[in-house]
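Observations on the three-dimensional arrangement
The lines below spell out each chain.
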Amino acid sequence: MAKKTNNNDILLALIIKGIEEVKGNDIDILDLREIDNSACDYFVICNGNSNTQVNAIVNSIQKTVSKEIHEKPWHVEGNEHGEWVLMDFVHIVVHVFQKHIREYYDIESLWGDAKITSIQNKY
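Reading guide: rules and limits
Residues numbered from 1 in each chain as written. Predicted model: local features only at pLDDT ≥ 70, side-chain atom pairs only at ≥ 80, totals over all residues. Heavy atoms only, no water. pLDDT = per-residue confidence, 0-100. Helix = DSSP H or I, 4+ residues; strand = E, 2+ residues; numbered from the N terminus. Pairing = 2+ DSSP bridges. Axes fitted to C-alpha atoms, helices over the stretch in contact; angles between N-to-C directions. Contact = heavy atoms within 4.5 Å.

**Examining the confidence of the model for the protein**
Parts of the prediction with low pLDDT should not have their coordinates interpreted in detail. The share of residues in the protein with pLDDT of 70 or more is 95%, and the mean pLDDT across the chain is 93. When mean pLDDT is compared element by element in the protein, strand β5 (residues 92-98) scores highest at 98, while helix α1 (residues 2-21) scores lowest at 85.

**Let's talk about the sheet that holds strand β6 (residues 115-119)**
Ordered in space as β3-β4-β5-β2-β1-β6, the six strands form an open sheet in which the pairing is mixed. Looking at the sheet topology across the chains shown, the edges are occupied by β3 (75-77) and β6. With strand direction ignored, the average angle separating the axes of adjacent strands in the sheet is 15 degrees. Pairing analysis gives five bridges linking strand β1 (residues 25-31) to β6, with the strands arranged antiparallel. When the bridges of β6 are listed, Asp-31 appears paired with Lys-115. Seen against the sheet, helix α2 (residues 51-69) touches β2 (42-48), β3, β4 (84-88) and β5 and runs at an angle of roughly 160 degrees to β5.

Set out below in structure tokens:
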């Protein structure tokens, strides 16, 4: 069990690094481990200012994770529009939104029981 947690910690750090490298905004980590029947351990949610930036964030995450730990997402969907891209790393699911789409769906409130950690922008 400790190995899974350690791998999750490394993967989380690399996902955050990938988001920050292309100036993704409003990064939140939702810890779902204490919620019964949750689909994964963590959601990472962030947003970009355009479909170009959303796609750049997704590409940066994939490149960073692949380069450092040779992992690829199990599934990615939403690339064609660049409004909401979901990246499924099995234990961690990443949601990359355009800001207005994120506000509309408000995933954080749907998972209100989750512990939310917000990452401050470094830029």
